[in-house]
Amino acid sequence: MATKLTDLHIVKLFDDDRIVFDTPVSVTKDGMFTTTLPKQAADLLESYGPKLDVNRAGRAGFFSADTLEGLRREIEKAVNEAISKELVEDKLVIKYSVTTKCSYAIDTDGEIIPNGCWRKDPVERGKEYGTDWREGNANSRTYGNLPSVSVFARVFHKKTYAYRSGRTIQKLEIYRPKIKDGRGSSIDWINSLCNISSSDSIFDHKEDYTHTPEVDATEENAAMFVRLFKLIFQCNELFKNLNIPEFFLEMVAKNMPLAIEK
């Protein structure tokens, strides 16, 4: 059981702004001085980047010390840490993911086959695990692996901030395309795509890109993603009408080549 003792008045001026708040101090039966910052003050400090300790109720902004002055120093240390960050890097990066789902085999002569039973060599055909078996990078053991390919890419301003303590944090801001006369760079091309995320994509969940692969957003790297997207769009132009039997049979009758093979 803690007993309310007093309020600590915290004031910190920096740049053209300031942090000012009062926080109630209690003393535990063991003689520890504790406080949980008001929510507005805790939210403000965390908006600068650092995460604050939480109390038993899960509220952020908990501090404790064995003296009142020590408690003040701990709070002021956290405030100083919050406002001490310095921008040390600001560059464009491409966050991306290439997902494939498929299962197939490759024969000894390099031909793609559906499974090992299709091997030309009868000796190899009898070996259960002798086939050069291939799988996609996102295969599911539960829901099957209907052949599919998806590509996600988005350009960000990646800003890295350093604190006095040596800790660093990174912030991502979506890059806004610079379009002139209906055209832009390959970097602009990527972020001009509509509906880049699907509803079941990992990128829809709080848009957390922390563990998403990335490369520098150079024109060369961006051009590679443009080619990947265009390849998928070419497939769409070829495949989108195949659900119409008449169209499918027309392609068969004409022995039409796949455009993406050119």
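Coordinates for the structure precede this section.
Thresholds applied
Residues numbered from 1 in each chain as written. Predicted model: local features only at pLDDT ≥ 70, side-chain atom pairs only at ≥ 80, totals over all residues. Heavy atoms only, no water. Pairing = 2+ DSSP bridges. Helix = DSSP H or I, 4+ residues; strand = E, 2+ residues; numbered from the N terminus. Axes fitted to C-alpha atoms, helices over the stretch in contact; angles between N-to-C directions. Contact = heavy atoms within 4.5 Å. Core = buried A, V, L, I, M, F, W, Y, C linked by side-chain atoms within 4.5 Å. Buried < 20%, exposed > 50% of the residue type's maximum accessible area, 1.4 Å probe, protein only. Salt bridge = Lys/Arg side-chain N within 4 Å of Asp/Glu carboxyl O.

### Describing the sheet that holds strand E11 (residues 214–216)
And then number 1: One open sheet holds the four strands; their spatial order is E10-E9-E5-E11, and the pairing between them is antiparallel. This sheet does not close on itself; its edge strands, each paired only once, are strand E10 (168–174) and E11. Here the average twist between neighbouring strands, direction ignored, is 40 degrees.
And then number 2: Relative to the sheet, helix H5 (residues 219–239) contacts strand E5 (86–101), strand E9 (148–162) and E11, its axis offset from that of E9 by approximately 155 degrees.

### Brief notes about the nonpolar core
And then number 1: Formed by 21 residues in total, the largest nonpolar core has its most connected members in Ile19, Phe21, Leu37, Leu71 and Ile75.
And then number 2: Of all the secondary-structure elements, those providing two or more residues to this core are strand E1 (3–14), strand E2 (17–27), helix H1 (39–47), strand E4 (62–65) and helix H2 (68–83).
And then number 3: Per-element tally for this core: the top contributor is H2, with six residues.
And then number 4: Residues in contact with isoleucine 75, not counting those within four places in the same chain, are Leu8, Ile10, Phe21, Thr23, Thr35, Leu37 and Phe63.

### Remarks on the pattern of salt bridges
And then number 1: The tally for this structure, following the rule as stated, stands at 13 salt bridges.
And then number 2: Two residues, aspartate 43 and lysine 39, come together in a salt bridge whose shortest N-O distance is 2.7 Å. Residue aspartate 43 and its partner lysine 39 are both found in helix H1; the two are separated by four residues, about one turn of the helix.
And then number 3: On the basis of relative accessible area, lysine 39 is assigned to the exposed category, the value being 58%.
And then number 4: Here lysine 91 and aspartate 216 are joined by a salt bridge, their closest N and O atoms 3.0 Å apart. In this pair, lysine 91 is assigned in strand E5 and aspartate 216 in strand E11, connecting sequence segments 125 residues apart.
And then number 5: A relative accessible area of 27% means that lysine 91 is categorised as partly exposed.

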